[in-house]
Amino acid sequence: QVQLVESGGGLVQAGGSLRLSCAASGRTLSHDGVGWFRQAPEKEREFVAAISWSGGTYTADSVKGRFTISRDNAKNMVYLQMNSLRPEDTAVYYCAVKLVRIGPLTDGYNYWGQGTQVTVSS
């Protein structure tokens, strides 16, 4: 059984930084696509960033230049480094695993974590 657990969320002032972590059990993350998504209150879930099984990274335009996704294969962890945070980045952030190695990394995910809250104050 695959389980994903996010951590690292919290309250931060605008301009600050946070690093989110995604820990997996039951699956080796280096074999899969791993993505970060977020959902703000009363908004649809949106793609933030992803890293493919081959190590390629993809970032949404809204966070490009501020957020970076990375993976530590030895620890079986994926991270989302978030810099220059803005109030509009406030959301619950989820990590997810995509098993199929075809199609865009913006959708088609099979397993999801429970999410971690990120709140950016102005």
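See the structure printed just above.
Quick caveat, the model's predicted, so the values are computed rather than measured. Residue numbers here run from 1 along each chain, matching the order of that chain's written sequence. The predicted origin of the model limits local features to residues at a pLDDT of at least 70 and limits the giving and counting of side-chain atom pairs to 80 or more, whereas totals for whole chains, interfaces and linings rest on all residues. Excluded from the side-chain calculation are hydrogens and water; included are all heavy atoms of the structure.

Asks: Give a detailed account of the pairing of strand β4 (residues 33-39), specifying residues and quantitative values.
Replies: Remark: exposure states derive from per-residue accessible area (1.4 Å probe, protein chains only) relative to the maximum for the residue type, with buried under 20%, exposed over 50%, and partly exposed in between. Runs of H or I in DSSP of at least four residues are treated as helices and runs of E of at least two as strands, each being numbered from the N terminus. In terms of residue burial, β4 counts as a mostly covered element, since six of its seven residues are buried. Strands are treated as partners if at least two bridges between them are detected by DSSP. Here β4 pairs with strand β9 (residues 91-98) via seven bridges, running antiparallel. Note on β9: the bridge partner recorded for W36 is C95. Following β4, the chain reverses through six residues before pairing antiparallel with strand β5 (residues 46-51); E42 in that reversal takes a positive phi of roughly 65°.

Asks: Kindly report on the sheet that holds strand β8 (residues 77-82), identifying the contributing residues and their values.
Replies: Here we have four strands laid out as an open sheet, ordered β1-β3-β8-β7, and antiparallel in their pairing. If you trace the sheet from one side to the other, it starts and ends with β1 (3-7) and β7 (67-72), each paired once. Averaged over all pairs of adjacent strands, the angle between their axes in this sheet comes to 15°, without regard to strand direction. Relative to β8, strand β3 (residues 18-25) runs antiparallel, the two being bridged by six bridges. Within β8, the position partnered with S21 by the bridge is Y79. Here the axes come from fitting lines to C-alpha atoms, over the contacting stretch only for helices, and the angles between their N-to-C directions go from 0 to 180 degrees.

As far as function goes, none of this settles anything; it's purely spatial.
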